[in-house]
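# Results of the structural survey
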Amino acid sequence: MSRIDDLLNTPYWIIDILPMQVPKDCPGQYFKIEKLFLTEQLADIKQKHVNVILKLNCYMDISIDEEVNPSPEQIRNIINQRYIFIMMGDSMILSEPDDTHMTVFNPDEKLLDLIKIISRGEGLYVWKP
């Protein structure tokens, strides 16, 4: 766990359905809209997350629970079922089954560029809080 703990304290970016963090004092309906997405569109959003990870796995090894390159079906099932840390070299993606975003920790410039391109293709945004 110490490697994960170390990575949790590194710079991070968000892969999200929104193009930037919603300000605390924003006059919109963020919480109502988030609830709608979580109740009615979460399966579609999680499929986008799965697609991002699978596409990244075309370019690099990934590890989940110390297994290198689990089958695409395993990756899909795990992302949809539980909280996971997806390891990629010196970087990590945190995915939670009931969230509309994933968090990328410690990506180098090349990985971050690839994540941005792949995410954009899935209709997702990458931003730094």
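Just above, that's the structure.
Report follows, based on the coordinates. These numbers come from a predicted model, not from an experiment. (Residues numbered from 1 in each chain as written. Predicted model: local features only at pLDDT ≥ 70, side-chain atom pairs only at ≥ 80, totals over all residues. Heavy atoms only, no water.)

## A short note on the nonpolar core
- Counting 26 residues, the largest nonpolar core has I15, I53, L56, I86, I93 and I115 as the members making the most contacts within it.
- If you list the elements that add at least two residues to this core, you get β1 (12-16), α2 (30-59), α3 (72-81), β4 (84-88), β6 (102-105) and α4 (109-121).
- Counting 7 residues, the second largest nonpolar core, distinct from the first, contains I4, L7, F85 and M92. (Core = buried A, V, L, I, M, F, W, Y, C linked by side-chain atoms within 4.5 Å. Buried < 20%, exposed > 50% of the residue type's maximum accessible area, 1.4 Å probe, protein only. Helix = DSSP H or I, 4+ residues; strand = E, 2+ residues; numbered from the N terminus.)

## Things to note about the pattern of salt bridges
- Counting across every chain of the model gives 2 salt bridges.
- Ionic pairing is found between K55 and E122, a salt bridge with its closest N-O pair at 2.6 Å. Here K55, found in helix α2, pairs with E122, found in the loop between α4 and β7 (125-127); they are 67 residues apart in sequence, far enough to count as distant.
- The exposure class of E122 is buried, given its relative accessible area of 12%. (Salt bridge = Lys/Arg side-chain N within 4 Å of Asp/Glu carboxyl O.)

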